[in-house]
Amino acid sequence: MVRLTIDGIAVEVQEGTKILDAAAQAGIKIPTLCFLKDINEIGACRVCVVEVEGCDQLVAACNNVVEEGMVIHTNSPKVRETRRVNVELILSQHDCRCATCVRSGNCELQTISNDLGIIDLPYNQKFKKKPWNKDFPLIRDSSKCIKCMRCVQVCENVQNTRIWEVGNTGSRTDVVVSLNRKIEESDCALCGQCITHCPVGALRERDDVDKVFDALADPEKITVVQVAPAVRAAWGESLGLEREAATVKRLVAALRKMGFNYIFDTTFSADLTIMEEGSEFVEKLKNKENNKFPMFTSCCPGWVRYMKSHYPDMVELLSTSKSPQQMFGAITKSYYAELLDVSPDKIYSISIMPCIAKKHECDIPTINDTEADKDVDVVITTREVDRMIRAEHIDVANLEEEEFDMPLGVGTGAGVIFGATGGVMEAALRSAYYLVTGENPDPDAFKEVRGMDGWKESQIEINGTVVKTAVTSGLKNTDKLIQAIRNGEVEYDFVEVMACPGGCSGGGGQPIHLGQTSNRVDNLYKLDKEANLRFSHENPSIVKVYEDYLGAPMSEKAHKLLHTDHESWDMPLSPKFD
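Cut-offs applied
Residues numbered from 1 in each chain as written. Predicted model: local features only at pLDDT ≥ 70, side-chain atom pairs only at ≥ 80, totals over all residues. Heavy atoms only, no water. Helix = DSSP H or I, 4+ residues; strand = E, 2+ residues; numbered from the N terminus. Rg over C-alpha atoms; globule rule 2.2 N^0.38 Å. Buried < 20%, exposed > 50% of the residue type's maximum accessible area, 1.4 Å probe, protein only. Contact = heavy atoms within 4.5 Å. Areas by Shrake-Rupley, 256 points an atom, 1.4 Å probe, with all protein chains shown as cover. Lys, Arg positive; Asp, Glu negative; His and termini not counted. Charge placed at Lys NZ, Arg CZ, Asp CG, Glu CD. Patch = residues over 30% accessible without salt bridge, like charges linked within 9 Å, V, L, I, M, F, W, Y side chains within 5 Å. Salt bridge = Lys/Arg side-chain N within 4 Å of Asp/Glu carboxyl O. Axes fitted to C-alpha atoms, helices over the stretch in contact; angles between N-to-C directions. Parallel < 35°, antiparallel > 145°, perpendicular 65-115°, else oblique. Left-handed = near helix turned anticlockwise from the far one by under 90°. Nonpolar A, V, L, I, M, F, W, Y, C, P; charged D, E, K, R; others polar. Expected span 1.5 Å × (residues − 1). Pairing = 2+ DSSP bridges.

Chemist: Which residues make up the overall build of the chain, and what values go with them?
Modeler: Scanning the chain from terminus to terminus reveals 18 helices and 17 strands. A compact globule built from 578 residues would reach a C-alpha radius of gyration of about 25 Å, and the chain, at 25 Å, matches this within 12%. With the C-alpha coordinates aligned to their principal axes, the bounding extent of the chain is approximately 80 × 55 × 50 Å. When the 578 residues of the chain are sorted by exposure, 58% land in the buried category. Partitioning the contacts of the chain with sequence separation of at least 6, the portion at a separation of at least 24 is 74%. As displayed, the chain has an accessible area near 23,900 Å², and 47% of this comes from carbon and sulfur atoms. Averaging the positions of the 65 positive and the 87 negative side-chain charges in the chain gives two centres separated by 5 Å.

Structural data, given as structure tokens:
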């Protein structure tokens with residue numbers, strides 16, 4: 001153990017502890033800006049500097065370890081002045097027009113500046129705004145970048161894609177798309193983890209809010225909106241709602257107040273996905289010797305992009321089932337259009353998703369299989385719907401809860417847990433077990449696939465057949481799993497992959513509050529536990545859509561509307577193929 005003194009407090013910590021962590025154990029908060037634990041500990045911003053007695057220079061608390069007998073001052077006059085100057089210099093190269101920034105009120109630089117009492121800049125401001133493709137789902141504003149390197153480190157060390165790199169040197173240092181590529185030419189998975197880990201507004205999603213407001217104002221359009229499972233676990237965070245108050249039914253009330261014609265639950269189409277994907281897997285399993293394994297889930301478009309760019313020779317292993325978003329769009333503009341007795345083109349289909357890759361997914365030309373131009377017209381993220389609520393001045397805390405519309409508003413607990421890592425696998429196994437045996441398992445029989453571990457394995461027995469499964473989230477974990485499969489080190493029948501760590505709950509379109517993913521996941525499993533229906537095949541709306549329209553899972557009509565060819569569109573290859 002190491003003994004030291006921090007701000008007059010005697011502290012005893014493990015050898016090798018960073019000064020920042022030692023101070024936290026003593027209840028002392030040292031401000032940081034570029035720091036991300038175990039990911040970005042480079043001390044680039046110099047905001048976390050502290051004074052150590054006996055040292056001439058201030059030291060960064062994030063990457064210097066404690067030593068026996070140290071006496072540390074975290075907020076001495078020298079520290080405060082240095083910290084202030086460092087932040088002022090950062091601000092001199094940052095577009096400070098906070099009123100027009102999506103991160104205003106939730107910006108780490110803004111918070112630190114306010115805490116330091118900076119109300120004027122003694123330095124001339126100089127920043128450069130570089131051109132960017134505004135049609136791409138991921139937007140970068142170079143004038144706001146503070147060169148903290150978080151995006152570079154997250155993309156490389158968590159997601160294994162290396163889209164960002166450091167360009168130039170000295171005062172001209174910048175973060176750029178790697179290998180001198182344009183972003184649309186890169187193999188970006190559109191996971192959005194660079195956005196959720198950026199401390200400022202340099203990275204954001206393409207804003208499609210105006211498209212939705214225009215549709216709501218158009219009397220010729222019938223607006224149909226779907227709400228993804230993970231959205232219910234996070235939408236209230238940036239609106240100041242306690243988790244107990246931020247129910248999905250209160251979100252439904254807000255959407256209805258905005259003027260949406262029909263409000264439905266994506267858990268309906270998550271259940272539909274389970275019926276198709278589960279049936280697809282069972283059919284493959286029955287004829288195992290003539291099929292290739294494992295079968296990979298395909299509901300995460302970030303993962304599909306990654307597979308196509310990094311392992312194009314394995315794309316055939318993806319389930320052909322569309323994602324819940326796209327299944328919902330297809331059903332809305334076919335089955336539901338017939339129920340309304342309107343042309344599919346009259347319906348404007350809107351998705352509220354925790355993900356920015358969904359913005360790309362709905363624009364894939366070959367994914368549209370109804371008579372309309374697009375099955376899903378526009379996708380907005382959880383952050384965007386929160387901005388819409390604020391723009392409409394809706395007091396969500398005082399709204400009475402309202403129900404989803406019918407018949408596409410019925411979902412099960414199995415559909416809800418699609419928003420958590422392991423949830424798709426668990427939901428699929430619940431119904432696969434039923435499809436094979438004709439009996440329901442205990443709904444919690446497959447809970448070993450739950451949890452935040454990046455790579456989980458399980459074996460289950462269904463009617464005498466042992467099924468080997470794996471669940472992974474985060475693309476670096478995914479890459480390790482795929483390499484193990486390719487090297488013959490492991491063997492699986494069914495693999496669930498989510499691009500974002502923790503699954504959709506930690507998606508790139510969710511409110512930006514680091515460390516909340518596990519709480520959101522827990523909330524989804526709580527909702528599953530409390531649900532009256534916990535098996536996708538027992539959803540009465542699913543039963544009816546098959547009886548009245550689709551016929552049966554994997555039928556000709558189901559295959560036309562609910563399945564897709566992942567090899568029918570192009571994706572830039574990873575540079576490793578160059």
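The rest of the description comes next.
Chemist: So what's going on with a negative patch on the surface? Residues and values would help.
Modeler: A cluster of acidic side chains, namely Glu338, Asp345, Glu371 and Asp373, defines a negative patch on the protein surface. Its place among the elements puts glutamate 338 in helix α10 (residues 324-340).

Chemist: Mind laying out the packing of helix α6 (residues 209-217) against helix α12 (residues 382-391), listing which residues take part and the relevant values?
Modeler: One can describe the packing of α6 onto α12 by two numbers: an axis separation of 10 Å at closest approach and a directional angle of 55°. By the angle class used here, α6 and α12 are oblique. The way α6 lies across α12 gives a crossing that is right-handed. For the pair formed by α6 and α12, the contact residues are Val209, Val212, Phe213 and Leu216 on the first element and Glu384, Met388 and Ala391 on the second. Partitioned by chemical class, the residues of the contact of α6 with α12 number 6 nonpolar, no polar and 1 charged.

Chemist: Please set out the environment of asparagine 539 residue by residue, giving values where relevant.
Modeler: Locating asparagine 539 in the fold gives a position in the loop between α16 (517-530) and α17 (540-550). Linking asparagine 539 and phenylalanine 213, residues 326 residues apart in sequence, is a C-alpha distance of 32 Å. Leave out the neighbours within four places in its chain, and asparagine 539 touches Phe268, Asp271, Val410, Gly411, Thr412 and Leu533.

Chemist: Could you give me a rundown of α16, with the residues and numbers involved?
Modeler: Given a rise of 1.5 Å per residue, 14 residues ought to cover 20 Å, and the 20 Å separating the end C-alpha atoms of α16 matches this to within 8%. Residues Thr517, Arg520, Val521, Asn523, Leu524, Tyr525 and Asp528 constitute the buried set of α16.

Chemist: Give a description of the sheet that holds strand β5 (residues 71-73) that names residues and reports values.
Modeler: Strand order across the open sheet formed by 5 strands is β2-β1-β5-β3-β4, with mixed pairing between neighbours. A single partner strand is all that each edge strand has here, and the edge strands are β2 (9-13) and β4 (59-60). For strand β1 (residues 2-6) and β2, the ladder comprises 5 bridges, and the chain directions are antiparallel. Bridging across to β2, arginine 3 finds its partner in glutamate 12. Across the sheet, helix α2 (residues 77-92) touches β3 (49-52) and β5, and the angle it forms with β3 is around 155°.

Chemist: Report on the sheet that holds strand β12 (residues 295-296), specifying residues and quantitative values.
Modeler: The strand order across the open sheet built from 4 strands is β12-β17-β16-β15, with neighbouring strands paired in mixed fashion. Each edge of the open sheet carries a strand with a single partner, namely β12 and β15 (455-462). Relative to strand β17 (residues 494-498), β12 is paired through 2 bridges, and the arrangement is parallel. Within β17, the position partnered with phenylalanine 296 by the bridge is valine 495.

Chemist: Explain the pattern of salt bridges to me, and be specific about the residues and the numbers.
Modeler: With the rule as written, the count across this model stands at 44 salt bridges. The closest approach of N and O atoms between arginine 450 and aspartate 444, which form a salt bridge, is 2.8 Å. Judged by relative accessible area, arginine 450 falls into the partly exposed class, the value being 24%. When its relative accessible area of 15% is taken as the criterion, aspartate 444 is described as buried. Salt bridges linked by common partners bring Glu426, Arg430, Asp444, Arg450, Asp528, Lys529 and Arg534 together as one network.

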